[in-house]
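Structure at a glance
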Amino acid sequence: MNIFLDDAPALVVVLPLLLAAIVAFIPSPRLAWFITIVTLVIHVLLSIELLSSFSSFGAIIYEFGNWPPPWGISFKLDGVNIGLQILFSAFVLIATIYARKIFLSEIDPEDSGKAYSFWLLAIGSLNGIILTNDIFNLFVFLEISALSSISLISLGAGTNRKALLAAFNYLIIGAIGATFYVIGVGFAYAMTGTLNMNDLIIQLTQYSEGQLAIFAGMSFMLIGLMVKSAVFPLHLWLPPAYSYAPSAVSTLFAALATKAILIFFVRILYEVFSIYNDYLILFLDYILLPLSLVAIFVGTIIAIYQDDIKKLLAYSSIAQIGYITLAFSIKDNTGVLAGFVHIFNHALIKGGLFMAVGYLAIALKDRVTLQSIEGYGQKFPITSYALLICGLSLIGLPLTNGFISKLYIFQALYINEMFLTIALVALSSALAVIYFWKIVEKLFFSSKGYKATSEDPAIYIPIWIIAISLIYFGIFSSSIVEFSSIASESLIKGGIN
Amino acid sequence: MTNLLFFWNHFAFIILMVSGLFIIITSQNYIKKIVGLAIFQTSVFVFFVSLAKIIDGTAPILNSTNNVYSNPLPHVLILTAIVVGVATSALGLAIVLQIYKNYGSIEENEIKKEELKENN
Amino acid sequence: MSNEGLMILGLLTPLFAAFGSYCFKNNVNVRDSFGVLGGIVTFLISLKIFNGLQADEQYVLNLFTLFDGVDFLFNITPLGSIFSLVASSLWILASIYTVGYMRGAAEENQTRFVIFYSIAIHAALAIAWSGNLLMLFIFYEILTFSTFPLVGHKQNSESQAAGRVYLSILVGTSLVLFLPAIFWIWFETGSLNFTSGGILEGKFPTEHLMFLIAMLVFGIGKAAIMPIHRWLPAAMVAPTPVSALLHAVAVVKAGVFSFLMVVVYIIGPDYLLQSKASNWLVWLSSFTILTASIIAISKDDLKARLAYSTISQLSYIILGAALATTFALKGASFHIITHAIGKITLFFCAGAIYVTAHVKKISELGGLGFKTPMIFFAYTLGALSIIGVPPFIGSWSKLFLVIGSLEADFLFVAILLGISSLLNIYYLLQPVFIAFNKKNIKNIKITNAPLTIWPPMITGVGCLFLFFFSNYFLNIINGVVA
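Now for a quick tour of the structure. Quick caveat: nothing in here was measured; it's all calculated off a predicted structure.

Conventions and cut-offs
Residues numbered from 1 in each chain as written. Chains lettered and ligands numbered in written order. Predicted model: local features only at pLDDT ≥ 70, side-chain atom pairs only at ≥ 80, totals over all residues. Helix = DSSP H or I, 4+ residues; strand = E, 2+ residues; numbered from the N terminus. Rg over C-alpha atoms; globule rule 2.2 N^0.38 Å. Buried ≥ 20, exposed ≤ 12 C-beta atoms within 10 Å, placed from the backbone. Contact = placed C-beta atoms within 7 Å. Nonpolar A, V, L, I, M, F, W, Y, C, P; charged D, E, K, R; others polar. Pairing = 2+ DSSP bridges. Expected span 1.5 Å × (residues − 1). Axes fitted to C-alpha atoms, helices over the stretch in contact; angles between N-to-C directions. Parallel < 35°, antiparallel > 145°, perpendicular 65-115°, else oblique. Left-handed = near helix turned anticlockwise from the far one by under 90°.

Another aspect to go through is the overall build of chain A. Looking only at helices and strands, chain A features 20 helices and 2 strands. In terms of C-alpha radius of gyration, chain A reaches 22 Å, essentially the compact-globule figure of 23 Å for 497 residues. Principal-axis analysis of the C-alpha atoms gives chain A an extent of 70 × 55 × 40 Å. Burial status across chain A gives 62% buried among its 497 residues.

See the structure below:
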């Protein structure tokens, strides 16, 4: 048992990957789902174990094969990613419970074994992205998650063949992004001879004035990661991919995929390249900040004009990612804190929204558009009210966790006297109400008199767990704020722990 | 600073990389896009491996005469990357096959026309 | 019963009334009586609290902490008790009136109407009793959303368009201006609690006070200062009980009440006076008073005229808040009471005219006075109170405002208040003159609807009657500015 727990950082990644191989060959959907659930329950237990180790001993560095850096690959669990690790395992479990009926409805039963296999691959590789401490290892996990995501997205072709085009688009753009990232890794390796992040920080001190090669490498890495985390204007793959994927898949990706990559992105910015302060400030002020603002407005405005609800939510995700990168581009403690708070909160909000819309999708057996959901507030009251709560959280109503995010973002902007940005963010919140209201109006205020149909508890219970958690974290926000402040302190300190 | 020709591997890398990107962006045929992607990825492999060569270095196997070895680590990394590239191309081709089955064509402009017809 | 228990009961009663109406939706008499019963209970509780505050009782209810420095707090201030008294007492009458109107006009979806009406009252009460600015904001938003189905009640395209204007202006201003202003206050002072004397002095940079006030007065869209006033005339498409209680009493009063609370308990009147940060607002509210009155003169639709009259009267309260002298604040607080009673009378009468004679336009009122004398008698009482003629209660608030403007050396404003009263005389009494003009008697069929006539009679007579009990109100209003 001890050996099992000692290797917990590795097991959280390896276990899903291993079981993916087994699950692929299981013909029965129910058995495949069951094995997946068991794996993920063990995953949650391991994450809890990691949390308790972290609280007792501080940061954990796990070296594969006991090879020390710079020869070996290591995983690091520190203040920055412990919060996301817990959220990740909890959310993935809930999403998988939700996914069973959705998969049954949208995916061929004989493909379901493979679907769960890709699902586990995606989970394992995303967890690897969260934990890894080696820059090339990130590329490997990035590609595993991309390939499994693409396969999962293309499974949506059963409902709509556009999923294939979306998957192909994502494949090309994602591969370009990942390859740019590798070029950056190449430059970094050429200059320092190491791939381990902690070691990289130490080695980079010999180039404290900064060499062109290092800046070039950094730029490639950052751009590559921006492609994968859908920062404007490298976001074009996201809306088709999220809207044509099977509903459970959209849920998983919208909630967690881009967040995991953003955490690594932030690590590179603030830990590895923090010694090049001028370059960092240049990047943050002149590239990340303006792009975030544009992302917020473009995402929100395009969302207002969307009829297809999944596409609307995808564009809304782009806007929300804009809020996260905006918060991170504020170079001090408060900004980074706000960024982490919004990462956690948005994962829950978007997860909940896609789950609720997913249920409407399988009930409709057609694209969920503003026209087709008219009056569904009366037909599916339980799911619709959950959707309402998640939507209210998205626009940031007090007593929901979206409000807490907005509060911390505003605080960070205010302390740094970025008043124009405050005005723009306030304006965009008002714009977001427009597309949220369009959905609510169609759901609840239409004249079609539907009778309430019975809804499947296996689906609405996970949705309501998420919806209740939004209100819970809106009122008792201390746990999220604490995890975020641990993360931001750990990040700003320079990561040499 | 020796003459520019010393950095021929950088130039090869840049030419291949840009060619690959150009093919991806301008091709209408999906299979050509995948080929472009493969060229783009190969350029990176070429670059990395060329970085591994140390002047006067020999193969990284212990022998008694020579003390300078070329760096094996980039080769290892590139092996991984090649595998990833192969998987990506394979997946891409599988998707193209499905696109062909569903749309009857693998040319981007024809598929766009189909999409427009479907929307109207 | 303990003070906290009283508050919890008061807050929950409207929700119980809503729930009761839902459960008994098939028995219309039981369903409609819940509003009246709820009103009586909340009125008695508000009265007890009103008296308790005079005896220096504390009414504080702290449920839990939301985040740093901000709790889920209810804390009844003298101003808050005034507002809740007004809202609850008029709810009783409005519920009776609603029965008469909705059945007389044969409106559909009456259950939904009654339920959201009760929820809106709950939100208004919670606003009145809120202990800090965030609580006020939360229930302010709940008020907006619960009144939306009432505005769009008829569900025709006109109502839906009106509903969208209503929602977009109120939610838009509150999210873009009001909420950031709340954040700003919290960032500078670390607290949002309503405290006697205000919390900004010494902590908030005085140069920025002007901007904060601008954000607040435009962000609190329910106060309907120009140019954020468009939603009020738009909302007149709603059935008259909505216009009467909500847009003469609850919604608009929540708006000016919120602004007044901020001036008295967050900024602090002394700090505001010495910083002169609200002088521009004196001019803007004066402008609104005058302009809205002029627009009112041009309106032929009775409810539209009353709507613009309301916009004008609300700016009286904002003017009082902006002047921030003792008498100005007293006048503003008192005006909440006097305008509520007066305006609700006028709206009740407008609805009664519609139900009994199916007339909406003032030009068509000819001769109606002889057929329905009681309606026009009540209307005249309400109008005289709003014009500010003694011995009607409205005269007190106008008097205090005039004294307040002189106290603050704004002679021009005092003159303007006088001019406004003259305009009021014209546009409010013109309908009465037309109605009693023998020349225009037409043959109009009168449907009897007594339940729509008694409430305005009660409030109209109340305008006169309460004048003699002004002492009672003045005691607690003095407590506001103490």
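Looking only at helices and strands, one finds 4 helices and 0 strands in chain B. When the helices and strands of chain B are read in sequence order from the N terminus, they spell out α-α-α-α. Radius of gyration (C-alpha) of chain B: 20 Å, far over the 14 Å computed for a compact globule of 120 residues. For chain B, the spread of C-alpha atoms along the three principal axes comes to 75 × 30 × 15 Å.

Once that is clear, we can look at the interface of chain A and chain B. You'll often see interface size given as the accessible area lost when the parts meet. Residue-level contacts link 22 residues of chain A with 24 residues of chain B. Residue assignment for the side of chain A that touches chain B shows that the elements contributing at least two residues are helix 6 (135-154) and helix 7 (162-192) of chain A. Sort the elements by how many residues they give to the side of chain A that touches chain B and helix 7 of chain A lands first, with 13 residues.

Looking across the 2 pairs of chains in contact, one finds the most contacts between chains A and B. When C-alpha atoms are compared, chain B and chain C, though not in contact, are closest at a spacing of 28 Å.

In this assembly, 15 residues from chain C lie in contact with 17 residues from chain A. Secondary-structure elements contributing two or more residues to the side of chain C that touches chain A are strand 1 (60-67), helix 5 (133-151) and helix 6 (157-189) of chain C. A class-by-class count of the residues in the side of chain C that touches chain A yields 12 nonpolar, 2 polar and 1 charged.

To continue, consider the pairing of strand 2 (residues 74-77) of chain A. Residues and elements named next belong to chain A. Where burial is concerned, the two faces of strand 2 agree: the one with S74 and K76 and the one with F75 and L77 are both buried. Sheet topology places strand 1 (residues 60-63) next to strand 2; 4 bridges connect them, and they run antiparallel. Across the sheet, the residue bridging to I61 is K76, located in strand 2.

In a regular helix each residue adds 1.5 Å, so 19 residues correspond to 27 Å; helix 5 of chain C covers 26 Å between its end C-alpha atoms and thus fits that length. Of all 19 residues making up helix 5 of chain C, 17 are buried, and the element is well covered by its neighbours.

So, about unusual backbone geometry. Note the cis peptide between F232 of chain A and P233 of chain A, where omega equals 0°. Looking at where P233 of chain A falls in the secondary structure, it is placed in the loop between helix 9 (212-228) and helix 10 (238-244). The amide bond that connects M226 of chain C to the next residue, P227 of chain C, takes the cis arrangement and shows omega of 5°. Inspection of the secondary structure puts P227 of chain C in the loop between helix 7 (209-219) and helix 8 (231-234). The backbone of L399 of chain A shows a phi angle near 80°, a positive value even though the residue is not glycine. Locating L399 of chain A in the fold gives a position in the loop between helix 16 (381-395) and helix 17 (401-415). C-beta crowding within 10 Å serves as the criterion here: with 18 such atoms nearby, L399 of chain A is assigned to the partly exposed category. Backbone geometry at E417 of chain A places phi at a positive 60°, although glycine is not the residue there. Note that E417 of chain A resides in the loop between helix 17 and helix 18 (419-444).

Turning next to the packing of helix 3 (residues 78-104) of chain C against helix 13 (residues 326-357) of chain C. All names here are of chain C. In the contact formed by helix 3 and helix 13, the axes pass within 10 Å of each other and the chain directions differ by 5°. Viewed along their axes, helix 3 and helix 13 adopt a mutual orientation that is roughly parallel. For the pair helix 3 and helix 13, the contacting residues are L79, I82, F83, V86, L90, Y97, Y101 and G104 in the first and S333, I336, I337, A340, I344, F348, G351 and V355 in the second. For the contact of helix 3 with helix 13, a count of residues per class yields 13 nonpolar, 3 polar and no charged.

Packed helices, taken two at a time, are described by the angle their axes make and the gap between the axes. Residue and element names in this part refer to chain A. Contact geometry for helix 11 (residues 247-272) and helix 14 (residues 333-364): axes closest at 7 Å, N-to-C directions at 165°. Relative to helix 14, the element helix 11 is oriented roughly antiparallel. The crossing of helix 11 and helix 14 is right-handed. Seen from helix 11, the contacting residues are S247, A248, S250, T251, A254, A255, L256, K259 and L262; seen from helix 14, they are I343, A347, K350, G351, F354, M355, V357, G358, A361 and I362. Looking at the contact of helix 11 with helix 14 residue by residue, the classes come out as 12 nonpolar, 5 polar and 2 charged.

Turning next to the environment of L337 of chain A. Residue and element names in this part refer to chain A. Tracing the backbone shows L337 in helix 14. Judged by C-beta crowding, with 25 C-beta atoms within 10 Å, L337 ranks as buried. With 110 residues separating them in the primary sequence, L337 and S447 have C-alpha atoms 45 Å apart. Contact partners of L337, with chain neighbours within four places excluded, come to Y408, S484, S485 and S488.

On to the environment of T452 of chain C, then. With respect to the helices, strands and loops of the structure, T452 of chain C is situated in the loop between helix 17 (411-435) and helix 18 (454-465). Sequence-distant contacts of T452 of chain C, that is, excluding residues within four places in its chain, are made with Y97, G100, Y101, G104, F348, G351, A352 and V355 of chain C.

Residue and element names in this part refer to chain A. With 17 residues, helix 9 extends 24 Å between its outermost C-alpha atoms, agreeing within 8% with the 24 Å of an ideal straight helix rising 1.5 Å per residue. Residues of helix 9 that are buried include every one of I214, G217, M218, F220, M221, L222, G224, L225, M226, V227 and K228, and no others. Contacts from the buried residues of helix 9 go to helix 6, helix 7 and helix 11. Just beyond helix 9, the residue with positive phi is A230, at close to 60°.

This part is about the environment of L179 of chain C. Residues and elements named next belong to chain C. Looking at the element boundaries, L179 is found in helix 6. Each C-alpha atom, one on L179 and one on V36, is 35 Å from the other, the two residues being 143 residues apart in sequence. When residues no more than four places from it in sequence are discounted, the contact partners of L179 are F137 and S174.

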